[in-house]
Each structure stands twice: as C-alpha cells, then as structure tokens.
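Chain by chain, the residues:
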Amino acid sequence: MSTLPETEADRAALAIALVQVDASLGGLHLRARSGPVRDSLVDIFGPALRLGPGASEDQIFGGLDVTETLAKGRTVERAGLLEGARAMVLTSAERLRPHLAARLSQALGATPLPVLALDEGIEEGEGIAPALSERLAFYADLDGLGLADIPGAAADEDDIIAARNALPRIALPEDAIAQIATMTVLMGISSARAGHYALRAARALAALDGAQAADADHLAAAIALTCGHRATQIPQMEEPPEEEAPPPDTPEEPEEAPDEAASQQESDIPEELLLAAVMAQLPKDILSRMAQGNTRRASGSGAGAKRKGGARGRPLPARPGRLDGRTRLDLVATLRAAAPWQTMRRKAMPDAPAPIHVRPSDIHTKRYEDSAERLLIFTVDASGSAAMARLGEAKGAVELLLAEAYARRDHVALIAFRGAGADLMLPPTRSLVQTKRRLAGLPGGGGTPLASGLMAAEDLAEQARGRGMTPTIALITDGRANIGLDGQPGRAQAGADATKAARRIMAAGTAALVIDAGNRPTAELATLSTAMGAQYLALPRADAQRLSRAARAALDA
C-alpha cells in the first residue's frame, strides 16, 4: 500500500481510500471532464451527498423554518443537507461561489467529512476556490486518461474499517515533523496545513498496511501525495560542505563511539529519498509551469470583472434593503427576517388585521452577480520600416487569442497607428473568419502618431465599458513617437501628447500592457507605461506566440 502510485488514476484511488480512513484529511480535488472515466472514480468514492453550485446556503447549512416559526410563534430551525451526511461529492466545484466555498470550508473544519470535489475548469485560472482546495489534502488530474487506466478501489470496505479503528494507535518516526517541515520549505509551501496532512496521511497509509508504526515509505508517499501539487518551486537539495583535510602533523584523534541512544532516535529516512519521491509525484505539468514562474492559481471563472446587480446573473444571498423600483423583493428572505418577531408584534398591535406583521427593516432584496465579457484592444505601431514584421506578429497573436475566445468569452479589437493618425482596423469581435479577412490588407509605414493610437484605444475602451465589457489595452510599439495629436511632426510635442493620452488611460482605470518591440528597450516607453499605470514588457523581436502569451497574462492579472 505504501508503494507510490504510478498514475494519476492510482493516486486518486489511493487518496479516496485514505480520506475514508481519516476524514480529517478533507478529501480529493479531482480535475477531470465529465464522462465515464470520472464516473468510475466517483463510484469508487461510494454513496455520498451530491451538491451542485446552485445549492443555496439554506439548503446546505439549514436555517429558519418560516412556516413552522409563523405557525408556532417561536423560532424553529430547519436542518440542512450537510447535517447527517457521511460523505459529499461537489459537482462543478469550480463554479461554487467564493463566499459559499468559504462557509463550506469552515463547516468541514468543524466537522470532518470525506469530500470529492469535481473540478471541470478547462482554462488557466479556473478552478475551485482556494479556501476550499486548502481543506482538501489530495489532488489528481485525469486529463488524457482512458477508462482502461482507472483501477479498482485501493482498499476494500473491511480493510478501511480495520484501518480506521487502528489509526489512533499508529506511531510516527520521532523526526517525522522535522522531515516534513524540511520538504515543505524546499518546495516553497507556505501552508502549515500541508504538513499536517502529510503526517495524517502517513499514519493512514500505515494503518492500511496493517503496520504498528509509519515507516520511511509511508512518510515519503504521504509527502508526495499531499505536498507535491502545492509546490511553488522546484525543490533542490543543498550540496553538503566539503570536508577539510586534517593537518598532516596533527595526530588523528581516536573516533568516539557513536551515541547509540541518539542514533536510535533519528529516523533512517534520507532526505534524498523523500525529495526523489516528491519529485516523482509532482503533477505532470508543474515543472514547466514553475520554470516559467506561472504556477496555477485558482481565481474564479477566468472571465471578466464581476458585476453585482438586482436583475440578472447568478443569485447571491439576499441583503436588507429598500424597494426603490430597481431592486426586487426576496419574499422568502423577508419572511424569514420577520418570522421570529410575530408573537411580539401581535401583542403590540392586537387589533391589526394583518396575519403577518412585516416591518421595513425586514425587507430583503434579491442580488445577482454577472461576469463582464473582456475586450483586449491591440494597439499596434504600424509605422516605419519594421511595421510589416511587427504587424504580422500582432496579427498572429490576435488569431491565437481568438481561437480561445469562445471558451473564455473574450473579444479582440485591433487599432493600427501610422502616418498622421490611428484607425480601427478590427472592431471588437470573436469571429476568427472576420478577423482574417480584415487583417489581410492591413497597411504599414509612415510616421508614429503614438498619442493618436492611445486616444483611439481609450475611446474604444470607454465604448466597451458602456456595453458592459471589461477592456484591456495592449500597446505594441518601439516608443519613438514623432507625430503629435494635431498630425504635425515633432518629437517633443509628440512625446508630450503621448504622455497626456497615457494619463487619460490611467485616470479611466483601464487595464493596460505596454510591449516594447524595439531591438533595444527604451527608457521613454518604460516611463510612458508608468504614466499609463500599465505593465511594461520588453519583448524584442517577439513572435505571435510570445505576444499572445503576454496578452493572455495581462487579461488574467
């Protein structure tokens, strides 16, 4: 049992067995698309309460029973689905609202419950809320696996029950805590809960093996299973210092006998073994992501800015408020607020004919949350001799981003500035066909009216905001402005106008990215990015792939 799992499916099956032995491990964060592969592991998890992202807080955690409270004249609470549950499967867990995920995490901390969180996020940045993933000891990704790769259960029911009963008696190596602390530091893990999970997983593994104490293999497997996916850096062991040779004339001192008692207290687990086990169990793509400084962060849906309103979107908990014509009454929440006070109010107003006494302070209004669509405005310098190459790469970046636009709900627009002004070459669109047709005849050459390009970009950004979109400007230039806003040549005036336009963008709060495409980074463009409040990137001779990656990072920031 302590053998390290060879595949992600084995890792998932073993994690399910471990959380059934020790519910304090929280559960398994399973990233997989819906289908028979994922369903096979859900079957291994066994019968459980299934909750979707549409479940309300009252349904999950319980609350006031309005009908009984009004009928009996006293507060009557109703139990939620979570009460009495022995295990739980969270479907579409990546869509769980952050406040609900936080409350659920708090409940799981108070009452441990095996959880299988099914994450169907397909884009970088999508995933379950950090508050919830922190409560789950294990992670597995079934991407690329087939039905034949799914193993059976890692342990049968009798073994799990026996392991659960033996768990309180399982001992740990005396230096287990120090070993785990060293590994978490090497992997750049800041969460103290990760080490706690590793200790509990080592004991659960030993219990499943029928051992009296966790050994080196159990500890190595536990660290790999609970800490590998939390790593933020590639762990590396420090080279031991070289031993200095003794002076030639100094007689060697007789070696002292080793402290037998001390050696018995130390574990025989070499750190190299633990490190090798962890490295072997790191998620398949984490090494490349860490090397790029791009570790996965679950930040929500990956769509645009969140907007709260009273008309449409995903429902949020009701809040006390006034009915001003734009808000909608939440009848159930209002009755729930009024119910506990009915007996007192009837006594205060015995002649009132109303069967239910509702006060203005009881009024609750409905709230909704919607995600704004995002618009990336490429603002490309089409001037000078290098215009055609720069435009060609920008076109490629636009097409790459558009290929992902449908899934990410992003729109893309293109503004080219050259000669005496700027032109909107591609209005906001998600149509790849229309984009290729419009970009085919994009001209280049002439002066550099940088200020005109920035003004046109901000104009388009303001229009986008008016339509409920979240705009981001991506400026691609070498920064050598020489045409002012009035269309007249002159570097001094052109530079002043560009700074003025940049300050307008920052004042409007428009997110922006400045990509310096010159052969050598220019201080003027770095200064301009500061005036815009924009991120500055020097990407000389950047191709379409690098440009699209930089733009995507700006969208996800």
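Residues numbered from 1 in each chain as written. Predicted model: local features only at pLDDT ≥ 70, side-chain atom pairs only at ≥ 80, totals over all residues. Heavy atoms only, no water.

(A) Region of interest: helix 2 (residues 36–45). Val-37, Arg-38, Leu-41, Val-42, Ile-44 and Phe-45 are the residues of helix 2 that are buried. Projection of helix 2 onto a plane perpendicular to its axis shows the buried side chains occupying an angular sector of 155 degrees, all on one side. Opposite its buried face, helix 2 presents the exposed residues Pro-36 and Asp-43, each directed more than 90 degrees away. Buried residues along helix 2 sit in contact with helix 1 (8–21), strand 1 (27–31), strand 2 (49–51), strand 5 (88–90) and strand 6 (115–119). (Buried < 20%, exposed > 50% of the residue type's maximum accessible area, 1.4 Å probe, protein only. Helix = DSSP H or I, 4+ residues; strand = E, 2+ residues; numbered from the N terminus. Arc of directions from axis to C-beta. Contact = heavy atoms within 4.5 Å.)

(B) Local environment of the environment of Ala-413. Assignment of secondary structure puts Ala-413 in strand 12 (residues 410–418). For the pair formed by Ala-413 and Arg-430, sequence separation is 17 residues and the distance between their alpha carbons is 9.0 Å. Each residue touching Ala-413, except ones within four places of it in the same chain, is listed here: Leu-375, Leu-376, Ile-377, Phe-378, Leu-426, Pro-427, Pro-428 and Leu-460.

(C) Molecular detail of the nonpolar core. If you look at the biggest cluster of nonpolar residues, it comprises 61 residues, and the most contacted ones within it are Leu-18, Leu-28, Leu-30, Leu-41, Phe-138 and Ile-223. With 11 residues, helix 9 (residues 192–209) is the single largest residue contributor to this core. Every residue in contact with Leu-30, bar those within four places of it in the chain, is listed here: Ala-12, Arg-38, Leu-41, Leu-116, Ala-117, Leu-118, Asp-119, Ala-140 and Leu-142. Grouped together as the second largest cluster of nonpolar side chains are 29 residues, Ile-415, Leu-450, Ala-481 and Leu-528 included. (Core = buried A, V, L, I, M, F, W, Y, C linked by side-chain atoms within 4.5 Å.)

(D) Inspection of the environment of Leu-82 at higher detail. Position of Leu-82 among the secondary structure elements: in the loop between strand 4 (77–78) and strand 5. Owing to a relative accessible area of 16%, Leu-82 belongs among the buried residues under this scheme. Between the C-alpha atoms of Leu-82 and Gly-62, which are 20 residues apart in sequence, the distance is 8.2 Å. In this structure, Leu-82 is in contact with Leu-49, Ile-60, Phe-61, Met-88, Leu-104, Ala-107 and Leu-113, ignoring residues within four places of it in sequence.

(E) Spotlight on the packing of helix 1 against helix 9. Contact geometry of helix 1 with helix 9 gives a least axis separation of 10 Å together with a crossing angle of 95 degrees. Between helix 1 and helix 9, the angle falls in the class roughly perpendicular. Every residue of helix 9 that contacts helix 1 at Leu-14, Ala-17, Leu-18 and Val-21 is listed here: Ala-201, Ala-204, Leu-205 and Leu-208. Here the contact of helix 1 with helix 9 is composed, by residue class, of eight nonpolar, no polar and no charged. (Axes fitted to C-alpha atoms, helices over the stretch in contact; angles between N-to-C directions. Parallel < 35°, antiparallel > 145°, perpendicular 65-115°, else oblique. Nonpolar A, V, L, I, M, F, W, Y, C, P; charged D, E, K, R; others polar.)

(F) How the structure looks around helix 7 (residues 157–166). Every buried residue of helix 7 is listed here: Ile-160, Ala-163 and Ala-166. The buried residues of helix 7 all sit within an arc of 130 degrees when viewed along its axis, so they share a single face. Turned more than 90 degrees off the buried face of helix 7, the exposed positions are Glu-157 and Asp-158. Two to three positions downstream of the cap, the backbone nitrogen of Asp-158 sits 3.3 Å from a side-chain oxygen, assigning the N-cap of helix 7 to Asp-156. (Polar contact = N/O pair within 3.5 Å; in protein donor to acceptor, adjacent residues only side chain to side chain.)

(G) Focus on the packing of helix 9 against helix 10 (residues 216–227). Packing of helix 9 against helix 10 brings their axes to within 8 Å, and their N-to-C directions diverge by 130 degrees. Overall, the two elements helix 9 and helix 10 adopt an arrangement that is oblique. For helix 9 against helix 10, the interelement crossing comes out right-handed. Of helix 10, the residues touching helix 9 (which contributes Ala-194, Tyr-197, Ala-198, Ala-201, Ala-202, Leu-205, Ala-206 and Asp-209) are His-218, Leu-219, Ala-221, Ala-222, Ile-223, Thr-226 and Cys-227. (Left-handed = near helix turned anticlockwise from the far one by under 90°.)

(H) Seen up close, the pattern of salt bridges. Taken as a whole and judged by the stated rule, the model has 12 salt bridges. With a shortest N-O distance of 2.8 Å, Glu-57 and Arg-103 are connected by a salt bridge. In this pair, Glu-57 sits in helix 3 (residues 57–61) while Arg-103 sits in helix 5 (residues 98–110), placing the two residues 46 residues apart along the sequence. Note on Glu-57: relative accessible area 17%, which makes it buried. With a shortest N-O distance of 3.3 Å, Arg-504 and Glu-462 are connected by a salt bridge. You can see Arg-504 sitting in helix 20 (residues 491–508) and its partner Glu-462 sitting in helix 19 (residues 450–466), a full 42 residues away along the chain. Classification of Arg-504 as partly exposed rests on a relative accessible area of 25%. One network of salt bridges, with partners in common, ties together Glu-134, Arg-193 and Arg-230. (Salt bridge = Lys/Arg side-chain N within 4 Å of Asp/Glu carboxyl O.)

(I) Expanded view of a negative patch on the surface. On the surface, a cluster of negative charge is made up of Asp-156, Glu-157, Asp-158 and Asp-159. With respect to the helices, strands and loops of the structure, Asp-159 is situated in helix 7. Taking relative accessible area as the criterion, Asp-159 reaches 40% and is therefore assigned partly exposed. (Patch = residues over 30% accessible without salt bridge, like charges linked within 9 Å, V, L, I, M, F, W, Y side chains within 5 Å. Areas by Shrake-Rupley, 256 points an atom, 1.4 Å probe, with all protein chains shown as cover. Lys, Arg positive; Asp, Glu negative; His and termini not counted. Charge placed at Lys NZ, Arg CZ, Asp CG, Glu CD.)

(J) Spotlight on the sheet that holds strand 7 (residues 138–141). Spatially, five strands are ordered 2-5-6-1-7 in an open sheet, and the strand pairing comes out parallel. Both outer strands of the open sheet, strand 2 and strand 7, are each paired with one neighbouring strand and no more. Within this sheet the neighbouring strands show an average axis-to-axis angle of 15 degrees, counted without direction. As paired strands, strand 5 and strand 6 are joined by three bridges and run parallel to one another. Opposite Leu-90, over in strand 6, you have Ala-117 as the bridge partner. (Pairing = 2+ DSSP bridges.)

(K) Summary view of the pairing of strand 13 (residues 421–429). Pairing between strand 12 and strand 13: six bridges, direction antiparallel. Note that in strand 13 the partner of Leu-414 across the bridge is Leu-426. Counted between consecutive antiparallel strands, the loop separating strand 12 from strand 13 contains two residues, among which Gly-419 sits at a positive phi close to 65 degrees.

(L) How the structure looks around the sheet that holds strand 12. Pairing in this open sheet of six strands is mixed, and the strands run 13-12-11-14-15-16 from one edge to the other. Two strands lie at the open edges of the sheet, namely strand 13 and strand 16 (535–538), each paired on one side alone. Direction aside, neighbouring strands of the sheet carry axes that sit 15 degrees apart on average. The strands that helix 21 (residues 523–532) touches are strand 14 (470–477), strand 15 (511–516) and strand 16; relative to strand 15, the one it contacts most, it runs at about 175 degrees.

(M) Structural context of the confidence of the model for the chain. Per-residue confidence for the chain averages 79 on the pLDDT scale, and 77% of its residues sit at or above 70. Counting interchain partners and residues more than four positions distant, the pLDDT-below-50 stretch residues 291–303 has 29 contacts. (pLDDT = per-residue confidence, 0-100.)

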